[in-house]
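Listed below are the residues making up each chain.
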Amino acid sequence: MSAESISVLLVEDDDLYAQVLRAALAKSTPKVGVERRRTLADAITQLQATRFDAVLLDLNLPDSAGLDTIGRMLAAAPGIPIVVLTATAESDLAVAAVQHGAQDYLVKSETDSRYLSRALRYAIERAGFQAELVNREQQFRALIERAHDIVVLLGLDGSIRYQSPATERVLGYSPEELVGANVLEIVHPDDRERAAGILADWPHEEQSPDPLAPFKVRHKDGTWRVMEAAGRSVDSTDPMQGMILNARDVTERVRAQEKLLETEAKLRQAHKMEAVGRLAGGIAHDFNNVLTAIYGYADLLLEEFVAGDPRRSDVEEIRRMAERAATLTRQLLAFSRQQMLQPQILDLNIVIEEVQRMLARMIGTDIQLFFEPSRELWPVKADRGQIEQVLMNLGGNARDAMPEGGSLTIRTSNRELAASEAGAMDGLAPGDYVAMSVTDTGVGMPEQVRRHVFEPFFTTKAQGEGTGLGLATIYGIVKQSGGGIFVESEENKGTTFTIFLPRIAPDLATSSP
Ligand SMILES: Nc1ncnc2c1ncn2[C@@H]1O[C@H](COP(=O)(O)OP(=O)(O)OP(=O)(O)O)[C@@H](O)[C@H]1O
Ligand SMILES: [Mg+2]
């Protein structure tokens, strides 16, 4: 429709009326250009060839009758404004015509040109509005339905009135599945009270604290997803109408953050051990020099006293004490990885086999000792004496943890650590390892003990009973050999220490003695 003229397709088989109408429209402003067709089929062909502003449509044509005519016309030219022509003022038919998609109707006896052109203009405008409305509705629908985030409409009691299609992709619930349910039903029990509180406060709040702290929400498959959400009232002037909730799945992000924190904690712990090790190593070094001097002077004194001199035994005691101090220093040096090593290619099964008798003697008869060697264990390269010390230290701890008796089981196995697995084990590179685990059925440890066991001088034993150097020594030995040590333990559920030592390359294993 331009300002100057309206183009109309007149679909009318009655020649006389068509002439009258043409004459009337010829006089109207703006000008109305009329194209006429006698049948619906011809009209549709014409509509598809030329653009018209409106259609004047007689419902009873040679090839079509009744309201059906409107439907067929609209199917061929969706959205075209149709004004229906009726012989008499049948209001029922007129209403029905509008319900079937016509914009208006004209009574054929009415031929006033102003009336006709006004009816046409209104029909065209109305159709324009309608098209825009549909368009806008489609846009808004797309905004919600194609959105990445979930959109739900909640009643004030938390009942779900609408769920957007993203709900299925994110949480697995098919369209409409949640409608009618209460949103609290899929909120994790830990978070339910907080969610209920927000719902209860809602009528007083136009908008939620933005965004709400994450909630755990149940996926249809039973797993929990972490969702971040923000709420708004449907109508800011009347919060009682309910709320719109936008929710986003942040599970992966939260998981990644947790992992990062964990890795940081492990790294801090590793640095701490490193620093303490350096300190301990430094002290042990100087201390060793002092001890050498004590030995030396004690030996000189011993030469001064003839056999049978009662003072000899005092000096011998000094020497024995210095010896004990030297043992401690050696442990410290092992922890700080400053010990001289004599690494060789070892089959851990053989080493364990040979240490077993000594171990059995140490743990006593109340504790049963089992050994479950894995067959064809890969070789490792380590200091044999140190591996024996590792086993004796772990055995000693296990014995102390089982005052009432129990069992001690040593297992070996080959382990291929993938990057994902190795990453979780502090500082281990992915690759092949030989694992040796020592499991007891003793008292176990609470978390706050477990966290510190590898630290030097950490002990829960009474003063004088433990130095707290056993596990620190093992830690140093294992690290020095390029491996790792891990503890699993729960109070009253026993303890397992597992040591990973790197597999030695097969060519090295065969070429060395
Ligand atoms: N198998 C175990 N079961 C329960 N707790 C254990 C076990 N092994 C170690 N622990 C805990 O770890 C602490 C540290 O052990 P670690 O071997 O380093 O020192 P210690 O045994 O106390 O003293 P020592 O230097 O004489 O070995 C122990 O005091 C104990 O609390
Ligand atoms: Mg110990």
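Keep in mind it's a predicted model, so treat the numbers as computed, not measured.

Trainee: So what exactly am I meant to see when it comes to the overall build of the chain here?
Mentor: Helices and strands together make up the secondary structure of the chain, namely 15 helices and 17 strands. Over its C-alpha atoms the chain spans a radius of gyration of 45 Å, topping by over 25% the 24 Å that the globule rule assigns to 513 residues. With respect to the principal axes defined by its C-alpha atoms, the chain has extents near 155 × 60 × 45 Å. Counting over 513 residues, the chain shows a buried share of 42%. Within the chain, residue pairs in contact and separated by at least 24 positions form 63% of the contacts whose partners lie at least 6 positions apart. Carbon and sulfur atoms form 53% of the exposed surface of the chain, whose accessible area is close to 28500 Å². Between the centroid of the 54 positive side chains of the chain and the centroid of its 74 negative side chains there is a distance of 3 Å.

Trainee: Would you mind going over the sheet that holds strand β4 (residues 82-86) with me for this structure?
Mentor: One open sheet accounts for five strands, arranged β2-β1-β3-β4-β5; its pairing is parallel. With one partner strand each, in any of the chains shown, β2 (31-37) and β5 (104-107) form the two edges of the open sheet. The sheet shows a mean angle of 25 degrees between the axes of neighbouring strands, taken without regard to direction. Where strand β3 (residues 54-58) lies against β4, four bridges are found, and the strand directions are parallel.

Trainee: Any chance you could explain the side chain of Ser164 here in plain terms?
Mentor: Structurally, Ser164 is set in the loop between β7 (160-163) and α6 (166-171). Look at Ser164 and you get buried, because its relative accessible area is 1%. Polar contacts involving the side chain of Ser164 include one to the main-chain amide nitrogen of Val151, which spans 2.9 Å. When sequence neighbours within four positions are dropped, the list of residues in contact with Ser164 reads Ile144, Asp149, Ile150 and Val151.

Trainee: Which parts of the structure should I look at to understand a nonpolar patch on the surface?
Mentor: Residues Leu279, Ile283, Phe287, Val290, Ile294 and Ile318 make up a contiguous nonpolar surface patch of roughly 540 Å² in combined accessible area. Per-element tally for the nonpolar patch: the top contributor is helix α8 (residues 251-304), with five residues. Here Leu279 is to be found in helix α8.

Trainee: Help me understand the nonpolar core in this model?
Mentor: The nonpolar side chains of soluble globular proteins are, as a tendency, buried together. Counting 48 residues, the largest nonpolar core has Phe454 and Ile499 as the members making the most contacts within it. Both domain 3 (255-335) and domain 4 (343-511) contribute no fewer than three residues apiece to this core. Ignoring sequence-local partners within four residues, the contact set of Phe454 consists of Met273, Phe335, Leu471, Ala472, Tyr475, Ile485, Val487 and Phe497. In terms of nonpolar packing, the next biggest core, distinct from the first, is built from 24 residues, Leu154, Val170, Leu212 and Val217 among them.

Trainee: Mind showing me how you'd approach empty space enclosed by the protein here?
Mentor: A probe matching the size of a water molecule, rolled over the atoms, marks out where space remains unfilled. Taken as a whole and assessed by the stated rule, the structure comprises one cavity of 30 Å³ or more. Computed from the structure, the largest cavity encloses a volume of approximately 350 Å³. Residue lining of the largest cavity: 24 residues in total, with Leu154, Val183, Val187, Ala229 and Leu245 positioned closest to the centre. Residues belonging to the lining of the largest cavity are distributed by class as follows: 22 nonpolar, two polar and no charged.

Trainee: Explain the site of ligand 1 to me, please; I cannot follow it from the model alone.
Mentor: Taken together, 20 residues lie near ligand 1, and Asp440, Thr459, Thr460, Lys461 and Thr467 sit nearest. Contact between ligand 1 and Gly470: an oxygen atom at 3.1 Å from a main-chain N or O atom of the residue. Here ligand 1, which alone exposes 600 Å², has 90% of that area covered by the protein. Mapped onto the shell around ligand 1, the elements with two or more residues apiece are α11 (384-401), α14 (470-480) and β17 (495-502). With three residues, α11 is the single largest residue contributor to the shell around ligand 1. Across the shell around ligand 1, the residue classes tally to nine nonpolar, nine polar and two charged.

Trainee: Mind showing me how you'd approach the side chain of Asp383 here?
Mentor: Residue placement: Asp383 occurs in strand β13 (residues 380-383). Despite its burial, Asp383 pairs with no opposite charge, the nearest such side chain being Arg384 at 8.3 Å. Within the structure, the side chain of Asp383 is placed 2.9 Å from the backbone nitrogen of Gly385, a separation counted as a polar contact.

Trainee: Help me out: how do you make sense of the environment of Asp157 in this one?
Mentor: One can find Asp157 in the loop between β6 (150-154) and β7. Take Asp157: its relative accessible area is 52%, and that puts it in the exposed class. Separated by 26 residues in sequence, Asp157 and Val183 place their C-alpha atoms 9.0 Å apart. For Asp157, the contacting residues outside a window of four places in its chain are Asn182 and Leu199. Of note is the side chain of Asp157, whose polar atom sits 2.7 Å from the side chain of Ser159.

Trainee: It is not clear to me how the domain arrangement of the chain should be interpreted in this structure. Could you clarify?
Mentor: Accessible area lost during the coming together of the parts is what is often quoted as the interface size. According to the domain assignment, the chain consists of domain 1 (5-144), domain 2 (147-249), domain 3 (255-335) and domain 4 (343-511). Computed from C-alpha atoms alone, the centre-to-centre distance between domain 2 and domain 4 is 50 Å.

Trainee: Please clarify how helix α4 (residues 91-99) should be interpreted in this entry.
Mentor: Residues spaced three or four apart along an α-helix face the same direction, because each turn holds 3.6 residues. For α4, every residue scored as buried is listed here: Ala94, Ala96 and Ala97. One side of α4 carries all its buried residues, which in axial view fall inside an arc of 165 degrees. Opposite the buried face of α4, at more than 90 degrees from it, the exposed residues are Asp92 and Gln99. Structurally, α4 contributes buried residues whose contacts are with α3 (68-76), β4 and β5.

Trainee: Any chance you could explain the packing of aromatic side chains here in plain terms?
Mentor: The relative placement of two aromatic rings is captured by the distance of their centres and the angle of their planes. A complete count under the given rule lists four aromatic pairs for this structure. Judged by centre distance (6.1 Å) and plane angle (85 degrees), the rings of Tyr433 and Phe500 are edge-to-face. In this pair, Tyr433 sits in strand β15 (residues 431-440) while Phe500 sits in strand β17, placing the two residues 67 residues apart along the sequence. Take Tyr433 and Phe500: they sit in the same class, and that class is buried. On the numbers, 5.7 Å between centres and 75 degrees between planes, the contact of Phe486 with Phe500 is edge-to-face. Pair noted here: Phe486 is in strand β16 (residues 484-489) and Phe500 is in strand β17, with a separation of 14 residues, a long-range link. A relative accessible area of 2% places Phe500 in the buried class. The aromatic ring of Phe215 is capped on one face by Arg194, whose charged end is 4.1 Å from the ring centroid.

Calculation notes
Residues numbered from 1 in each chain as written. Chains lettered and ligands numbered in written order. Predicted model: local features only at pLDDT ≥ 70, side-chain atom pairs only at ≥ 80, totals over all residues. Heavy atoms only, no water. Helix = DSSP H or I, 4+ residues; strand = E, 2+ residues; numbered from the N terminus. Rg over C-alpha atoms; globule rule 2.2 N^0.38 Å. Buried < 20%, exposed > 50% of the residue type's maximum accessible area, 1.4 Å probe, protein only. Contact = heavy atoms within 4.5 Å. Areas by Shrake-Rupley, 256 points an atom, 1.4 Å probe, with all protein chains shown as cover. Lys, Arg positive; Asp, Glu negative; His and termini not counted. Charge placed at Lys NZ, Arg CZ, Asp CG, Glu CD. Pairing = 2+ DSSP bridges. Axes fitted to C-alpha atoms, helices over the stretch in contact; angles between N-to-C directions. Polar contact = N/O pair within 3.5 Å; in protein donor to acceptor, adjacent residues only side chain to side chain. Patch = residues over 30% accessible without salt bridge, like charges linked within 9 Å, V, L, I, M, F, W, Y side chains within 5 Å. Salt bridge = Lys/Arg side-chain N within 4 Å of Asp/Glu carboxyl O. Core = buried A, V, L, I, M, F, W, Y, C linked by side-chain atoms within 4.5 Å. Domains from an automatic or database assignment. 1 Å grid on protein atoms, 1.4 Å probe; cavity = no way out; pocket = protein on both sides within 12 Å on 5 of 7 lines; lining within 4 Å. Points joined across faces, edges and corners; volume = space filled by probe spheres on them. Nonpolar A, V, L, I, M, F, W, Y, C, P; charged D, E, K, R; others polar. Near = heavy atom within 4 Å. Arc of directions from axis to C-beta. Phe/Tyr/Trp six-rings, centres within 6.5 Å; stacked < 30°, edge-to-face > 60°. Lys NZ or Arg CZ within 6 Å of the ring centre and 35° of its normal.

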